[in-house]
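Breakdown of the fold
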Amino acid sequence: YLRPNSNWTQANARFAVYAFGDGKSEKWIDMVDSDSDGIYEFDKANIEGYASIIFCRMNPGTTDNNWNNRWNQTADLTVPTDGTNLYTVKEGTWDNGGGTWSTK
């Protein structure tokens, strides 16, 4: 799950996660806020076996997920194994500004 900060929600941005590492092919996954609670989700099964992810704020003018359509991103994040599943982008930041993992 991703809870974007107020900067990231500007301009009707959409969100995606980029998964990589452990010798697997890199992959992009769309995120949605299916219940309009401000928290974006994706099916965690899509990142099974990946060591790292990056949450990205994407250009809403296209549905393609790639680095050219990325507006902002978190730092490289290790996929948690401690039961945490919600990453909250630190308020006031745009890129690589930190954040915290918690449980949704």
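Residues numbered from 1 in each chain as written. Predicted model: local features only at pLDDT ≥ 70, side-chain atom pairs only at ≥ 80, totals over all residues. Heavy atoms only, no water.

Moving on, we come to the environment of threonine 78. Counting through the fold element by element, threonine 78 comes out in strand E6 (residues 77–78). Between the C-alpha atom of threonine 78 and that of glycine 21, which follows or precedes it by 57 residues, the distance is 9.6 Å. Apart from residues no more than four positions distant in its own chain, threonine 78 is found in contact with Ala51 and Trp101. (Helix = DSSP H or I, 4+ residues; strand = E, 2+ residues; numbered from the N terminus. Contact = heavy atoms within 4.5 Å.)

Our next topic: the nonpolar core. Grouped burial of nonpolar side chains is what soluble globular proteins tend to show. Formed by 18 residues in total, the largest nonpolar core has its most connected members in Leu2, Met31, Ile47, Ile53 and Phe55. Listing elements by their share of this core, those giving two or more residues are strand E2 (14–21), strand E3 (24–31), strand E4 (52–58) and strand E7 (86–89). At three residues, the largest contribution of residues to this core is made by E2. In this structure isoleucine 47 touches Ala19, Ile29, Phe42, Ile53 and Val79, once residues within four positions along its chain are discounted. By size, the runner-up hydrophobic cluster in this structure holds six residues, among which are Ala16, Tyr18, Ile54 and Met58. (Core = buried A, V, L, I, M, F, W, Y, C linked by side-chain atoms within 4.5 Å. Buried < 20%, exposed > 50% of the residue type's maximum accessible area, 1.4 Å probe, protein only.)

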